[in-house]
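# Summary of structural features
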Amino acid sequence: MKKAAQRDLFPGALEMMILRMLKRQPLHGYALVQYIKRTSRDLLQIEEGSLYPALQRLLKAELVKAEWGVSSTNRRVRIYKLTAAGAKHLEREVSSFERMLEGITRVLAVGES
Amino acid sequence: MSWLTQLFSRRQRYIELSEEIQAHLDEKIEESVAEGMSREEASHLARREFGNVGLTEESSREVWRWPSVEDSLMDVSYGVRTLRHNPVFTAVGLLTIAVGIGANAAVFSVVNSVLLKPLNYPKAEELVALHQTAPGAAGLADFENGLLLSPSMYFTYAEQNRTFQSLGVWVTGTANVTGLAEPEQVRTVYVSDGLLQALGTRPEVGRWFSAAEQIPRGPETVTLSYGYWQRRFGGDRAVIGRNLTMESRPREIIGVMPQGFRFVDTDFDVIVPLAFDRGKLILAGFGFHGIARLKPGTTIAEANADIARMLPIWMDSWSNGPGTNQHIYETWKITPMIRPLKQEAIGNVGELLWVVMGTIGVVMLIACANVANLMLVRVEARQQELTVRAALGAGWGRIVRGLLVESVMLGLMGGVIGVGLAYASVRFLVTTGPANLPRLGEISIDARALGFALVLSVLSGLLFGLLPALKYAVPRTSLALRSAGRTISVSRERHRARNLLVVGQVAMAFVLLVSAGLMIRTFEALRAVEPGFTDAQHLQLMRISIPDSLIQEPERVTRIQHGILDKLAAIPGVKSAGFVSEMPMEGFDSAWDEIFAEDKVYSADSIAPLRLYKYVSPGFMQTAGTRLVAGREMTWSEVYALRPVVMISENLAREMWGTPSAAIGKHLREFSNMPWHEVIGVVQDVREKGVQERAPEMVYWPPLMRDGFAPAVRTVTFAMRSDRAGTEGFLDEVRQAVWSVNSNLPLASVRTMQAVYGKSLARTSFTLVMLGIAGAMALTLGIIGIYGVISYTVSQRQREIGIRLALGAQGGDLLQMVLRQGAKLALVGVAIGVCAAFELTRLMRNLLFGVTAYDPLTFAAVAVLLVLVALLACYIPSRRAMLVDPIVALRYE
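Residues numbered from 1 in each chain as written. Chains lettered and ligands numbered in written order. Predicted model: local features only at pLDDT ≥ 70, side-chain atom pairs only at ≥ 80, totals over all residues.

### Quick look at the overall build of chain B
Scanning chain B from terminus to terminus reveals 27 helices and 24 strands. What you see for chain B is a C-alpha radius of gyration of 38 Å, clearly larger than the 29 Å of a compact globule of 893 residues, by over 25%. With the principal axes as the frame, chain B shows a C-alpha extent of 130 × 90 × 55 Å. When burial is assessed residue by residue, chain B has 42% of its 893 residues classed as buried. (Helix = DSSP H or I, 4+ residues; strand = E, 2+ residues; numbered from the N terminus. Rg over C-alpha atoms; globule rule 2.2 N^0.38 Å. Buried ≥ 20, exposed ≤ 12 C-beta atoms within 10 Å, placed from the backbone.)

This is the structure we're talking about:
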């Protein structure tokens, strides 16, 4: 049940955030979700499952790679790492997203100044 | 990652995915439990926060899928379902395509095996036939092989050339083999040194001939063919070193050639070295076929230039004996015309096969048109289904793809059945062996032919699927949904595609029927030709050779032959008997030489025109039914008295002396030390080289001559005139008669003249049969096409016809209306067909005889036939139109 204040992410947003998180350190799926939630201070309500199709898309595009490893809670998990191509992709996405955000912000700010 | 590993790793990937998601949920639950939640609550929370697990897995998997491929698989299964639900449509379509593809695959495999595949020798592309022409040699035009090589030419070319790896000559013959079972005449190939080396095929067992075996008085050896080895020695490898008694002399067997090995296109039983006596050779003796292997990278033009360079060397190195002019052959203008060995093997059958291939291809087009028509009708019936699918969101491309997948599947299934039919017909073809096809034994359906059938199936599927797909897949939702289920008259525009198809079919059928008609006329013209012998059915032939190792003395040879004739004539039912060195159309290498007339002047530096000659026994002309035009046949007493007499053909008599009767009493001879022979008889012209070839000028010498080229002719064909010819009992008596004279004489080529004559017509009959089949198929498909279109139109126009009837139209008017529509289609088709046929029949000009490619009679007859048949095809549906009940038709609304 979504509250009215909540809205869907735009396509590619989740992928961008995943890449950003992985740039800091390799993570497994569950940890990724927790980090994103925590970092966004729960402003973004992400359905946890939606992470997995996104991860598969990134894997297919070879922007991330995955390896089986052991989590801090001693569990067999798949740990995702950013690839070189992924890092480059992230940079491009972030800069284009920032331009878009700036544009939207300017339009919304009309008349207030 | 390659798509292949992706495909195989997909299952593993899905398993890992499920595992990962499960781990995620477990971790979440444990965390919540650690925070004090009950396990059940924690589990609920985890699932809520995660969302739909199944959906997540599904959409994660989708990332790795190929939507287009998997959609196509769905199209295929949908296509199979629709085809299964329309068994009649499917059966008719399948049958049409199967027959079309079967015929095409069969003919293609013949074209492929005969024309396209390289010959069965290592590096066959380097092999050439040493052809030469001599435009200056009068009379040589009669010899289809051009000027063959003489032994001295062979030595010059073999020793002086710069362009060949190896080179040799060969000639066919026959030999008597005794001491195995019954005496037997075997097919022999005589080869010079260098020939087997040029061909490059190693013996299956044993070795090639050594140099010592290629010279006179060396060890006498023989190599067997695979077939003869199997037949006579049961494939025993210990045969090497044993002796074979040929012409009453032992020859050591030194090798066996592998299966399928042939000389160009000649089958044989044994190979014997020629062993030329180099010291005794003269310039002349042009009787040998030359084969050479080019040095790598050498072109045929370079090889031609090389031979041209060696011709003067040849004339300088040898002579025709003391007092002769060595350079006399300069007037012959001998020109090398080397050609690839493959071309030599194929001969002129290439043109015939391409015509047949083209014809069968057109049949395929007609078949495609028919199936396209069927598809159009069916797609029209499915208009509503397609519209609903489009309305539900199916893309235009998706619908077109669906229809195409369906038609390509129909094509492929037809192709599978077609390949089965092709296998059967190729087997039939190889066992019956029509048209004297070269390389017959090599004909098979190989990978290339299968590939051809596959491509053809897919292409034809696309071809007949594309038209309906393009025409009806364009969404016209509103219109179609509204009119669905109602019977409105169909607009003219919607009939256009079908009409065009029918017109095209009629036009193509016209072309094929005209080609078949022209072949029928050709066949008739050939049958009408007087071949120079009569009633071939009742003329029994057999060939007997008397080697000098068996009988040395010439006169005794002739007396034995005469004795055989007497015994044969005494067999009940034999009206007369005679012998000749070679029957017309038997296809042995011809004998020819310069012939001089006593009352003509020949310059010392030129050569008299070359003439074909034969030896005939007294009574032969009467037996064969060759008419005497003037004079008389020779008698046995003249033969034994060595009286210098000769007979000639009518065309030779006319050429030399104006009329046949003027030739009687004139004199001829072959060389200067031969006595002048008096012309005592002139006989009608004989089509020696086949019915379609001009009758050559002929000289007929007596069988026994003083100072002739040979003192007595030793290999002859006996001919008997009898109503019992060809029957088993008769042949038994013939064998007994021969063996009562000499039990060592084998009988060869036992057959009737009809078999020889039929063989010479074989190519024409083969073409006739093939074009006839194609024409009949075209006609049938064309009729079905017209019938289908007309009856479909009638059923679509029921309401309109009902209204017309209700308004007072008479049945006859309606009949006329429908017939007129059909006639219009047929006439337009015929008109286009006439234009196309004018262009296309030219391509088969060389296959015709006694009729032009534009024969008005054939064109008119075919046009009338097609229009009549078309009207007939329209008649049945028009009857139905007449019987429409207006009330019923209108009540459909």
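### Describing the overall build of chain A
From N to C terminus, chain A includes four helices and three strands. The order of α-helices and β-strands along chain A, N terminus first, is α-β-α-α-β-β-α. In terms of its C-alpha atoms, chain A occupies a principal-axis envelope of roughly 55 × 35 × 20 Å. In chain A, buried positions account for 27% of the 113 residues.

### Observations concerning the interface of chain B and chain A
Counting from both sides, the interface comprises 18 residues of chain B and, opposite them, 16 residues of chain A. At the level of elements, α1 (3-34), α2 (39-50) and α3 (53-62) of chain B are the ones that each hand at least two residues to the side of chain B that touches chain A. When residues in the side of chain B that touches chain A are grouped by element, the largest group, eight residues, is from α1(B). A class-by-class count of the residues in the side of chain B that touches chain A yields seven nonpolar, six polar and five charged. (Contact = placed C-beta atoms within 7 Å. Nonpolar A, V, L, I, M, F, W, Y, C, P; charged D, E, K, R; others polar.)

### Some points on the domain arrangement of chain B
What the domain assignment reports for chain B is domain 1 (3-65), domain 2 (69-121 + 347-486), domain 3 (131-337), domain 4 (494-530 + 762-893) and domain 5 (547-744). Computed from C-alpha coordinates alone, the two centres of domain 3 of chain B and domain 5 of chain B are separated by 28 Å. (Domains from an automatic or database assignment.)

### Section: the nonpolar core
Ranked by size, the top nonpolar core spans 230 residues in total, and within it V363(B), V506(B), F510(B), I648(B), F718(B), A719(B) and A778(B) carry the most contacts. Take this core: its biggest share by element is 18 residues, from helix α11 (residues 349-381) of chain B. If we ignore the near neighbours within four places in the chain, the residues touching F718(B) are L541(B), M542(B), I544(B), I564(B), L568(B), A577(B) and F579(B). Listed in part, the 23 residues of the second largest apolar core include M17(A), V33(A), Y52(A) and L82(A). (Core = buried A, V, L, I, M, F, W, Y, C linked by C-beta atoms within 7 Å.)

### With respect to the pairing of strand β22 (residues 698-701) of chain B
Residues and elements named next belong to chain B. Burial of the side chains of β22 extends over both faces: M698 and Y700 are buried on one face and V699 and W701 on the other. Both strand β17 (residues 610-615) and β22 contribute to a ladder of four bridges, which runs parallel. Paired with K614 across the two strands is Y700, which belongs to β22. Pairing analysis gives two bridges linking strand β19 (residues 645-649) to β22, with the strands arranged antiparallel. In the sheet register, I648 faces β22, and the bridge partner there is V699. (Pairing = 2+ DSSP bridges.)

### What about the environment of M21(A)?
All names here are of chain A. Tracing the backbone through its elements, the reader meets M21 in helix α1 (residues 13-24). By the C-beta count within 10 Å, which is 19 here, M21 ends up partly exposed. In the structure, M21 is positioned 85 residues away from R106 in sequence and 28 Å away in space, judged by C-alpha atoms. Ignoring sequence-local partners within four residues, the contact set of M21 consists of L27, L32, Y35 and I36.

### Considering the sheet that holds strand β23 (residues 715-722) of chain B
All names here are of chain B. On the basis of which strands lie adjacent, the open sheet formed by four strands has the order β14-β23-β13-β24 and antiparallel pairing. Looking at the sheet topology across the chains shown, the edges are occupied by β14 (574-580) and β24 (748-752). Neighbouring strand axes in the sheet, compared pairwise and without regard to direction, differ in orientation by 15 degrees on average. Of the pairings in the sheet, the one linking strand β13 (residues 539-545) to β24 comprises three bridges and is antiparallel in character. Opposite Q540, over in β24, you have T752 as the bridge partner. (Axes fitted to C-alpha atoms, helices over the stretch in contact; angles between N-to-C directions.)

### Description of the sheet that holds strand β2 (residues 64-70) of chain A
Residue and element names in this part refer to chain A. In spatial order, the strands read β1-β3-β2; together these three strands make up an open sheet with antiparallel pairing. Edge positions in the sheet fall to β1 (27-28) and β2, since each of these pairs with one other strand and no more. Relative to strand β3 (residues 76-82), β2 is paired through seven bridges, and the arrangement is antiparallel. Paired with A66 across the two strands is Y80, which belongs to β3. Relative to the sheet, α1 contacts β1, β2 and β3, its axis offset from that of β3 by approximately 95 degrees.

### Some remarks on the environment of G218(B)
All names here are of chain B. With respect to the secondary-structure elements, G218 resides in the loop between β5 (205-206) and β6 (221-224). A residue is classified by how many C-beta atoms lie within 10 Å of it, and G218, with 14 of them, is partly exposed. The contacts of G218, once residues within four sequence positions are left out, are A212, E213 and A275.

### Details of the confidence of the model for chain B
All names here are of chain B. Of all residues in chain B, 93% attain a pLDDT of 70 or more, and the chain-wide mean is 85. Segment residues 477-489 is flagged for pLDDT under 50; beyond a separation of four residues in sequence, or across chains, it makes 17 contacts in the model. For this predicted complex, the interface confidence score (ipTM) comes to 0.86, while the overall pTM stands at 0.70. (pLDDT = per-residue confidence, 0-100.)

### Thoughts on unusual backbone geometry
Residue and element names in this part refer to chain B. Of note in this structure, K333 is not a glycine but carries a positive phi near 55 degrees. Counting through the fold element by element, K333 comes out in the loop between α9 (300-317) and β11 (335-336). The backbone phi angle of D535 is positive, close to 45 degrees, even though this residue is not glycine. Here D535 lies in the loop between α16 (492-528) and β13.

### Examining the pairing of β23(B)
All names here are of chain B. The element β23 is largely enclosed, with a buried count of seven among its eight residues. Pairing geometry for β13 and β23, over seven bridges, is antiparallel. Each residue of the ladder has a partner; that of L539, found in β23, is R721. Of the strand pairs in this sheet, β14 and β23 are connected by six bridges, and their pairing is antiparallel. Each bridged residue has a counterpart across the sheet, and for S576 the counterpart in β23 is R721.

### Considerations on the packing of helix α25 (residues 811-840) of chain B against helix α26 (residues 856-882) of chain B
All names here are of chain B. Where α25 contacts α26, the two axes come as close as 8 Å, and the packing angle between them is 150 degrees. Judged by the angle between their axes, α25 and α26 are roughly antiparallel. Crossing hand, α25 versus α26: right-handed. Mapping the contact onto sequence places G811, L814, L815, V818, L819, G822, A823, A826, L827, V830, V834 and A837 in α25 and F859, A863, L866, V867, A870, L871, A873, C874, P877, S878, A881 and M882 in α26. For the contact of α25 with α26, the class distribution of residues is 21 nonpolar, three polar and no charged. (Parallel < 35°, antiparallel > 145°, perpendicular 65-115°, else oblique. Left-handed = near helix turned anticlockwise from the far one by under 90°.)

### Some thoughts on helix α17 (residues 554-570) of chain B
Residues and elements named next belong to chain B. Taking 1.5 Å per residue, 17 residues should reach 24 Å; α17 reaches 25 Å between its end C-alpha atoms and fits that length. Residues V557, T558, Q561, I564, L565 and L568 constitute the buried set of α17. Along α17, the residues classed as buried sweep out an arc of 115 degrees about the axis, all on the same side. Away from its buried face, by an angle of more than 90 degrees, α17 presents the exposed residues D566 and A570. (Expected span 1.5 Å × (residues − 1). Arc of directions from axis to C-beta.)

### Remarks on the packing of α1(A) against helix α4 (residues 84-108) of chain A
Angle between the axes and distance between the axes are the two parameters that describe a pair of packed helices. All names here are of chain A. Packing of α1 against α4 brings their axes to within 10 Å, and their N-to-C directions diverge by 125 degrees. It follows from the interaxial angle that α1 and α4 lie oblique. Seen along the crossing, α1 lies across α4 with a hand that is left-handed. Of α4, the residues touching α1 (which contributes M16, L19, R20 and K23) are G86, A87, H89, L90, E93, V94 and F97. By residue class, the composition of the contact of α1 with α4 is six nonpolar, two polar and three charged.

### Digging into the confidence of the model for chain A
Residues and elements named next belong to chain A. Averaged over every residue, the pLDDT of chain A is 83; the share at 70 or more is 90%. Least confident of the elements in chain A is helix α2 (residues 29-39), whose mean pLDDT is 86; most confident is α4, at 90. Long-range and interchain partners of residues 1-5, a stretch whose pLDDT sits below 50, account for zero contacts in this model, where long-range means more than four residues apart.

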